[in-house]
Each structure stands twice: as structure tokens, then as C-alpha cells.
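# Secondary and tertiary structure notes
Residues per chain are reported as follows:
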Amino acid sequence: MSDERINCSCNESFGQRIAQTLQLLQAILPIQRRVVHAGDKIYQVGQSFNSLHVVSTGMVKVVNLSADGREQVVALHFRGDWLGLEAIATGHYTCDAVAMDTGEVWSVPYAQLLSAALREPELLRVLHHAMSCQLARDHDSLQSLCALPTDARV
């Protein structure tokens, strides 16, 4: 487990936080559960944003295609991770999210998530926590990239 995942768990155990988040979502929101298999796309670049997704089981990679058609892995997501947060800003998904193995992904309509968060402050805390963890992971990735020599970055 990487340091940022430990830091994102606050004072609770990592597994406990994930279980509590999944239970909270299930209790408050209409969850669309989807079994995915390796290679299945959860969403695609350019697709209109209307839902956030949570990995319940399995692993998901977020990828971009380079100009020459090569797949570039942007992020890996595991149980309890939220997918599609970057699409809130643009209204469209900016990458493809692809299942790496058999698992389950929960989809939550964003408008319903916001409405429920107004009624349930714990849900808003969970959403903010997920966003903060994503920012921390992205920051750590950029820091790692910046530490590479110039020729390696290019």
C-alpha cells in the first residue's frame, strides 16, 4: 500500500473506511451495480458526464491514447476508489476507464449524489475525502515525474 493511500485513510483502517463508504452509498443512493470483465469500458473519453463510479471489487485502469495510438495508463484504481471526478469540471470524461479483471463497479448519478449530500453531511465528507485523495495521488505522480531527468520526461 502506498503512502498516499495510508494518509488518505485518516485515523481509520483503510479497509474499514472503504467498507463504511460502500455501506453509506448503498444506504442513501440508488446504486447501479455493474459486473465488469477485463477489457470492459466503464466510460470513454468524450462521453457526457452524468455519473461518478466507485470500484466495489476488482481493478480499473484509466487510459489515454497517444497520438500514435499507444495506450498510456494515467491511473490505476482499486476497491473503494472513485472514478470520473475529473469530468465534473468539463462535463465530459477525459479518459477511458477500463476494467483490468472481473469486478464490480457502482455508478451513482451525480445530480442525485449532490442532492443526497445536502441531506447527509457524512456523504459530503466522503465525496470530499475521495476528491482530496485523488488530488494527493495526482500531486505525488507529478512529483515523481518532475524528479526524472529531462530526457526521461520527454
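All residue numbers refer to positions counted from 1 along the written sequence of the respective chain. Reporting of local features is limited, given that this is a predicted model, to residues whose pLDDT is at least 70; pairs of side-chain atoms are given and counted only at 80 or more, and all residues count toward the totals for whole chains, interfaces and linings. The basis for every side-chain value is the complete set of non-hydrogen atoms in the structure, without hydrogens or water.

### A short note on the packing of aromatic side chains
Each aromatic ring pair is characterised by the separation of its centres together with the angle its planes make. Let me state the cut-off plainly: Only centres within 6.5 Å qualify two rings of Phe, Tyr or Trp (six-membered ring in Trp) as a pair; their planes then separate them into stacked at under 30 degrees, edge-to-face at over 60, and tilted for everything else. Strands are runs of DSSP state E lasting at least two residues, helices are runs of H or I lasting at least four, and both sets are numbered from the N terminus onward. Note on classification: 1.4 Å probe, protein chains only; a residue is buried when its accessible area is under 20% of the maximum for its type, exposed when over 50%, partly exposed between these limits.
Counted under the stated rule, the structure contains three aromatic pairs. Seen in terms of ring centroids, phenylalanine 49 and tyrosine 93 are 5.7 Å apart; in terms of plane orientation they differ by 75°. Their pairing is edge-to-face. Of this pair, phenylalanine 49 sits in the loop between strand S2 (41-43) and strand S3 (51-57) while tyrosine 93 sits in the loop between helix H3 (87-90) and strand S7 (96-99), and the two are 44 residues apart along the sequence. Just as phenylalanine 49 is buried, tyrosine 93 falls in that class too. A ring pair is formed by phenylalanine 49 and tyrosine 110, whose centres lie 5.2 Å apart and whose planes are at 55°; its orientation type is tilted. Within this pair, whereas phenylalanine 49 is found in the loop between S2 and S3, its partner tyrosine 110 is found in helix H4 (residues 110-119), the two being separated by 61 residues in sequence.

### A look at the environment of lysine 61
Convention followed: Here a residue-residue contact requires only that any non-hydrogen atoms of the pair lie within 4.5 Å. Residues adjacent in sequence count toward polar contacts only when both atoms are side-chain atoms; beyond that, a polar contact is any pair of N or O atoms within 3.5 Å, and within protein one must be able to donate a hydrogen and the other to accept it.
Position of lysine 61 relative to the elements: it lies in strand S4 (residues 60-65). Judged by relative accessible area, which is 18%, lysine 61 ranks as buried. Sequence separation between lysine 61 and lysine 41 is 20 residues; the distance between their C-alpha atoms is 9.6 Å. The contact partners of lysine 61, leaving out residues within four places of it in the chain, are Glu71, Val73, Ala75, Leu76, Asp96, Ala97, Val98 and Met100. In terms of polar contacts, lysine 61 uses its side chain to reach the side chain of glutamate 71, at 2.9 Å.

### Re the confidence of the model for the protein chain
Using the following cut-off: Confidence of the predictor in every single residue is expressed as pLDDT, which spans 0 to 100.
Within the protein chain, residue pLDDT values average 84, and 81% of them lie at 70 or more. Here residues 1-7 is a poorly scored stretch, pLDDT under 50, and it has nine contacts once near neighbours within four places are set aside; other chains count.

### Some points on the pattern of salt bridges
One side chain can pair with another of opposite charge once the charged atoms of both are near each other. Put simply, the test is: Put simply, a salt bridge is a Lys or Arg side-chain nitrogen that is within 4 Å of an Asp or Glu carboxyl oxygen.
For the coordinates displayed, the defined rule picks out five salt bridges. The partner of aspartate 68 in a salt bridge is arginine 70, with the nearest N and O atoms 3.0 Å apart. Aspartate 68 sits in the exposed class, given a relative accessible area of 53%. Classification of arginine 70 by relative accessible area gives exposed; the value is 52%.

### As for the side chain of serine 107
Note on placement: serine 107 falls in strand S8 (residues 103-109). What makes serine 107 buried here is its relative accessible area of 11%. Setting aside chain neighbours within four positions, we find serine 107 in contact with Pro30, Ile31, Gln32, Leu52 and His53.

### Some remarks on the nonpolar core
Here is the rule: As used here, the term nonpolar core means buried Ala, Val, Leu, Ile, Met, Phe, Trp, Tyr and Cys residues forming a set that is joined through side-chain atoms within 4.5 Å.
Membership of the largest hydrophobic core comes to 34 residues, with the highest contact counts inside it found for Ile42, Leu52, Trp82, Leu113 and Leu123. Residue contacts for leucine 52: discarding those within four places in its chain leaves Trp82, Leu83, Gly84, Leu85, Ile88, Trp106, Ser107, Val108, Tyr110, Leu113 and Leu127.

### With respect to the side chain of serine 51
Within the fold, serine 51 resides in strand S3. There is a polar contact of 3.3 Å between the side chain of serine 51 and the side chain of asparagine 50.

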